Amino acid sequence: MAYDKFKVLNSTAVPLPIENVDTDQIIPARFLKATERKGFGDNLFRDWRYNPDNTPKEQFVLNNPIYGGKILVGGKNFGSGSSREHAAWAIYDYGFRCVVSSFFADIFRGNCMNIGVLPLQVSPDFLVKIFEAIEADPNAEFEVNLPEQTFTIKSTGEKENFEINDYKKENLLNGFDDIDYLLNIQDKIETFAKDTPL
Amino acid sequence: MKKTLFDKVWDAHVVQKVADGPDVLFIDRHLVHEVTSPVAFLGLKSRNIKVLYPERTFATADHNTPTLNQHLPVKDPLSANQLRALEQNAEEHHIPYWGLGHEKNGIVHVIGPENGITLPGATIVCGDSHTSTHGAFGAIAFGIGTSEVEMVLATQCIMQPKPKSMRITINGKLNSAVTPKDVALYIISQLSTSGATGYFVEYAGDIFKQMSMEGRMTVCNLSIEMGARGGMVAPDEKTFDYIKNREFTPKGEAWDKAMKYWETLYTDDDSVFDHEITFNGEDIEPMITYGTNPGMGIGISGGIPLANAIEGGAATYKKSLQYMDFQEGENMLGKAIDFVFLGSCTNGRIEDFRAFTSLVKGKQKAENVTAWLVPGSHKVEEAIKEEGLLEILNKAGFELREPGCSACLAMNDDKIPAGKYAVSTSNRNFEGRQGPGARTLLASPLVAAAAAITGRVTDPRELMVFETA
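No experiment lies behind these values; they were computed from the predicted model shown.

Definitions and cut-offs
- Residues numbered from 1 in each chain as written.
- Chains lettered and ligands numbered in written order.
- Predicted model: local features only at pLDDT ≥ 70, side-chain atom pairs only at ≥ 80, totals over all residues.
- Heavy atoms only, no water.
- Helix = DSSP H or I, 4+ residues; strand = E, 2+ residues; numbered from the N terminus.
- Rg over C-alpha atoms; globule rule 2.2 N^0.38 Å.
- Buried < 20%, exposed > 50% of the residue type's maximum accessible area, 1.4 Å probe, protein only.
- Contact = heavy atoms within 4.5 Å.
- Lys, Arg positive; Asp, Glu negative; His and termini not counted.
- Charge placed at Lys NZ, Arg CZ, Asp CG, Glu CD.
- Pairing = 2+ DSSP bridges.
- Axes fitted to C-alpha atoms, helices over the stretch in contact; angles between N-to-C directions.
- Buried area = accessible area lost by both parts, 1.4 Å probe.
- Salt bridge = Lys/Arg side-chain N within 4 Å of Asp/Glu carboxyl O.
- Nonpolar A, V, L, I, M, F, W, Y, C, P; charged D, E, K, R; others polar.
- 1 Å grid on protein atoms, 1.4 Å probe; cavity = no way out; pocket = protein on both sides within 12 Å on 5 of 7 lines; lining within 4 Å.
- Points joined across faces, edges and corners; volume = space filled by probe spheres on them.
- pLDDT = per-residue confidence, 0-100.
- Phe/Tyr/Trp six-rings, centres within 6.5 Å; stacked < 30°, edge-to-face > 60°.
- Right-handed = clockwise from strand over helix to strand, strands pointing away.
- Core = buried A, V, L, I, M, F, W, Y, C linked by side-chain atoms within 4.5 Å.

1. Points about the overall build of chain B
Alright, step 1. When helices and strands are tallied, chain B shows 17 helices and 18 strands.
Alright, step 2. Against the compact-globule benchmark of 23 Å for 469 residues, chain B has a radius of gyration of 21 Å, which places it among compact chains.
Alright, step 3. Viewed in the frame of its principal axes, chain B has a C-alpha envelope of about 55 × 55 × 45 Å.
Alright, step 4. The 469 residues of chain B split such that 66% are buried.
Alright, step 5. For chain B, contacts bridging at least 24 residues in sequence account for 75% of all contacts bridging at least 6.
Alright, step 6. A distance of 1 Å separates the average location of the 45 positive side-chain charges in chain B from that of its 58 negative side-chain charges.

2. Brief notes about the side chain of Ser37 of chain B
Residues and elements named next belong to chain B.
Alright, step 1. With respect to the helices and strands, Ser37 occurs in the loop between β3 (29-32) and α2 (38-47).
Alright, step 2. In this structure Ser37 comes out as buried when scored by relative accessible area, which is 1%.
Alright, step 3. Non-local contacts of Ser37, meaning those with residues more than four positions away in its chain, are made with Val32 and Leu86.

3. Focus: the sheet that holds strand β10 (residues 199-204) of chain B
Residue and element names in this part refer to chain B.
Alright, step 1. Pairing is parallel in the open sheet, where four strands are placed in the order β11-β10-β9-β12. Where the open sheet ends on each side, the last strands, each with one partner, are β11 (230-232) and β12 (275-280). Each strand of the sheet is rotated relative to its neighbour by a mean of 20°, with strand direction disregarded.
Alright, step 2. Where β10 and β11 come together, three bridges link them in parallel fashion. Opposite Val201, over in β11, you have Gly231 as the bridge partner.

4. Quick word on the sheet that holds strand β2 (residues 23-26) of chain B
All names here are of chain B.
Alright, step 1. A sheet is described by the order of its strands in space; here three strands give the open sequence β1-β2-β8, paired in antiparallel fashion. Both edges of this open sheet fall to β1 (14-17) and β8 (157-160), since each of them pairs with a single strand only. For this sheet the average axis-to-axis angle between neighbouring strands, irrespective of direction, equals 20°.
Alright, step 2. The pairing of β2 with β8 spans four bridges and is classified as antiparallel. Paired with Asp23 across the bridge in β8 is Gln160.

5. Structural notes on the interface of chain B and chain A
Alright, step 1. Contact residues are listed per partner, giving 65 residues for chain B and 54 residues for chain A.
Alright, step 2. Taking both partners together, chain B and chain A bury about 5000 Å²; carbon and sulfur atoms supply 60% of that area.
Alright, step 3. Taken as a group, Asp20, Arg47 and Met159 of chain B account for 11% of the area that chain B buries against chain A, more than any other trio of residues on that side.
Alright, step 4. Summed over the shared surface of chain B and chain A, the number is five salt bridges.
Alright, step 5. Secondary-structure elements contributing two or more residues to the side of chain B that touches chain A are β1, β2, α2, α3 (77-92), α5 (146-155), β8 and α11 (314-324) of chain B.
Alright, step 6. Among the elements that line the side of chain B that touches chain A, the one with the most residues is α5 of chain B, at seven residues.
Alright, step 7. Here the residues of the side of chain B that touches chain A sort into 27 nonpolar, 22 polar and 16 charged.

6. Things to note about the pattern of salt bridges
Alright, step 1. One pass over the full model with this rule turns up 30 salt bridges over all chains.
Alright, step 2. The residue Arg30 of chain A makes a salt bridge to Asp47 of chain A at a minimum N-O spacing of 2.6 Å. Of the two residues, Arg30 of chain A sits in the loop between α1 (23-26) and α2 (46-49) while Asp47 of chain A sits in helix α2, which places them 17 residues apart along the sequence.
Alright, step 3. Exposure remark for Arg30 of chain A: the relative accessible area of 23% places this residue in the partly exposed category.
Alright, step 4. Classification of Asp47 of chain A by relative accessible area gives partly exposed; the value is 21%.
Alright, step 5. We note a salt bridge from Arg56 of chain B to Asp28 of chain B, for which the minimum N-O separation is 3.8 Å. You can see Arg56 of chain B sitting in the loop between α2 and β4 (57-60) and its partner Asp28 of chain B sitting in the loop between β2 and β3, a full 28 residues away along the chain. Both residues of the pair, Arg56 of chain B and Asp28 of chain B, belong to the buried class.
Alright, step 6. One salt-bridge network, held together by shared partners, links Asp177 and Asp180 of chain A together with Arg47 and Glu150 of chain B.

7. Looking at empty space enclosed by the protein
Alright, step 1. A complete count under the given rule lists four cavities of 30 Å³ or more for this structure.
Alright, step 2. The class makeup of the residues in the lining of the largest cavity is seven nonpolar, ten polar and four charged.
Alright, step 3. Along its surface, the second largest cavity is lined by 16 residues, and Ser80, Gly81 and Ala105 of chain A together with Ile224 and Gly227 of chain B are the ones closest to its centre.

8. Quick look at the pairing of β1 of chain B
Successive residues of a regular strand alternate their side chains across the two faces of the sheet.
Residue and element names in this part refer to chain B.
Alright, step 1. Alignment of β1 against β2, held across three bridges, turns out to be antiparallel. Each bridged residue has a counterpart across the sheet, and for Gln16 the counterpart in β2 is Val24.
Alright, step 2. As consecutive antiparallel partners, β1 and β2 are separated by five residues, and within that stretch Asp20 has a phi angle of approximately 40°, a positive value.

9. Focus on the confidence of the model for chain B
Alright, step 1. Across chain B, the average pLDDT comes to 97, with 99% of residues at or above 70.
Alright, step 2. In the model output, the complex is listed with pTM 0.97 alongside ipTM 0.97.

10. Points about the packing of aromatic side chains
Alright, step 1. All chains considered together, the criterion is met by 26 aromatic pairs over all chains.
Alright, step 2. Seen from their ring centres, Phe58 of chain B and Phe248 of chain B are 5.2 Å apart, and the 80° between their planes marks the pair as edge-to-face. Of this pair, Phe58 of chain B sits in strand β4 while Phe248 of chain B sits in the loop between α9 (237-243) and α10 (252-262), and the two are 190 residues apart along the sequence.
Alright, step 3. Phe58 of chain B gets classed as buried once you look at its relative accessible area, which sits at 5%.
Alright, step 4. Judged by relative accessible area, which is 25%, Phe248 of chain B ranks as partly exposed.
Alright, step 5. With 6.4 Å between their ring centres and 70° between their planes, Tyr290 of chain B and Tyr317 of chain B make a pair best called edge-to-face. Of the two residues, Tyr290 of chain B is situated in the loop between β13 (287-289) and β14 (297-299) and Tyr317 of chain B in helix α11; the sequence distance between them amounts to 27 residues.
Alright, step 6. Note on Tyr290 of chain B: relative accessible area 4%, which makes it buried.
Alright, step 7. Here a set of aromatic residues connected by ring pairs shows up, and it is made of Phe45, Trp48 and Phe60 of chain A.

11. Quick word on the pairing of strand β5 (residues 118-121) of chain A
All names here are of chain A.
Alright, step 1. Bridging between strand β4 (residues 98-101) and β5 involves four bridges; their strand directions are parallel. Paired with Val100 across the bridge in β5 is Leu120.
Alright, step 2. The β-α-β motif built from β4, the intervening helix α4 (residues 106-115) and the parallel element β5 has right-handed crossover chirality.

12. Section: the nonpolar core
Alright, step 1. Counting 99 residues, the largest nonpolar core has Ile168, Val183, Ile187, Leu191, Tyr203, Met226 and Trp262 of chain B as the members making the most contacts within it.
Alright, step 2. Examining the composition of this core, we find that seven residues originate from one element, helix α6 (residues 180-191) of chain B, more than from any other.
Alright, step 3. Residues contacting Ile187 of chain B, with those up to four places away along its chain left out, are Ile168, Ile170, Tyr203, Phe208, Met226 and Phe279 of chain B.
Alright, step 4. Ranked by size, the runner-up nonpolar core spans 87 residues in total, among them Leu62 and Ile91 of chain A together with Met324 and Leu389 of chain B.

13. With respect to unusual backbone geometry
Alright, step 1. Unusually for a residue other than glycine, Asn77 of chain A sits at a positive phi of about 65°.
Alright, step 2. Positionally, Asn77 of chain A belongs in the loop between β3 (71-74) and α3 (86-94).
Alright, step 3. Located in the positive-phi region is Asn48 of chain B, a residue other than glycine, with phi close to 60°.
Alright, step 4. Its location among the elements puts Asn48 of chain B in the loop between α2 and β4.

Following this line, the structure appears as structure tokens:
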């Protein structure tokens, strides 16, 4: 599915300084019954965000009007658990375009990149600095620069480089997806399949 | 050049390498279920393309199905809609569909091996992280997201960077009442839930050689819980005996030809892994988890670790214990429990039901425990009946439900109520995984059986010793 191109993002950020945020927290399984990709943002972090009677839990960061922006900053091992792309959809649909952490689970990272959300891995020390900058000023701005592969805390000017392979970088910059690539080598795939027994 | 088992299977499936990017990997067999596929089929529709190889694609309904009264229409309109969507998509694209009530219906990772879809040396994907189960046969099997499901439906390929390699070797002997589930929970407790992220694991050593195929499936199933994309065991005589004559395995000359290939599927001596880990079989006890991720497990006779003994993340650790309403340093033995769940792609096969039944035989379920026994498939259900296990279970106060994922992820009505404790043979103890507010203790079928009898966390060896005395 085509998605918005990702180049440079300047935004405030929402802090979630919890480790091992799993996909069941990002979107609980009972909200996976849709047959279309619609409305998942409403249930992002559902059980951390709402009480059983659907009233908002005031202490949860998404319910705190002080925080906002297109960047979500999470603790180590973000996105562990299931392969549900619904987790990435919920994050995108809510309005985030970049998730920052010091470590990502594998499938979640791939799912994000396939739908145009940038999973941006920083060092553990730099992650602490990002949390500190938001704590000092919830309106602190950050710059995600994909062409330059840098993440900058604008209030202090501190900057760190991040890694991404050239292929995925080009995809995100241009809004390309893997299926278009694969459809262009379909002849080669069909030849390969002929030699590969069922 | 020396190659690992993983290298041999991966390299044989690379259609093309992308410079500073992923490999284009050919997928032999694609398993599809109702929850992660509808948006992928919509994608095909908007591109106006068909499934490229329906004969390499298999669909079942499992995540979202009821486990009682499956002969009746599905009550929940959203679930019914999702099941109908898969049925229609399968029909439109000529994919075999084993829906609710079909004799081959069951949990996707149980029916794959059962019907011979899972083969050594194959690449297998499914929009479900526990696809790693199929690695027990020496296949490269891993879970994918919905964009990738669409990719495989459209082109039978996926674009993946080659993971790093890890070998986990366990030699020695397992203690009494230590099952494959305990071996896996032990490994995860040692490595943490992110200890194998970025790796594909090969399990090697005496313990896995001696393990049954179903035991290997349980171990490979849980590979994802330490962050690994998948895990595999080199195929051997046990593997070939298991798959021979199943519906979708090669027959006659094709079998002989395949066997020649399969017999080359082992890690060459002196192959180099990116990471090697070794454990001793004797060090493993029956395990139980006390927290909200599968890495938070201990030997059943042990105490809950102190927060200051945990490396980093004390705040996250305390939040987890608070959710469970447990204290640091407490013992797990003797804690009261409310529910027992036997089932899931981790422990929903016939050997799991045999183990559970062996322990509850001649005893009575504790009155205050609700037990949900959910077979992984109709074939497992049939075997439970044919082997006489159902009669023993009924006498002990247990009933059998119909197959599906059930309380493992609680998408259907099988939800553990808020605040209640469940000893569960499934794979995840995340907050709310088994229902909003539910508290999960992951364990083996034997530990689950012991808890079902006593209503408390109980060392199964106590009840087993009692039986032989």
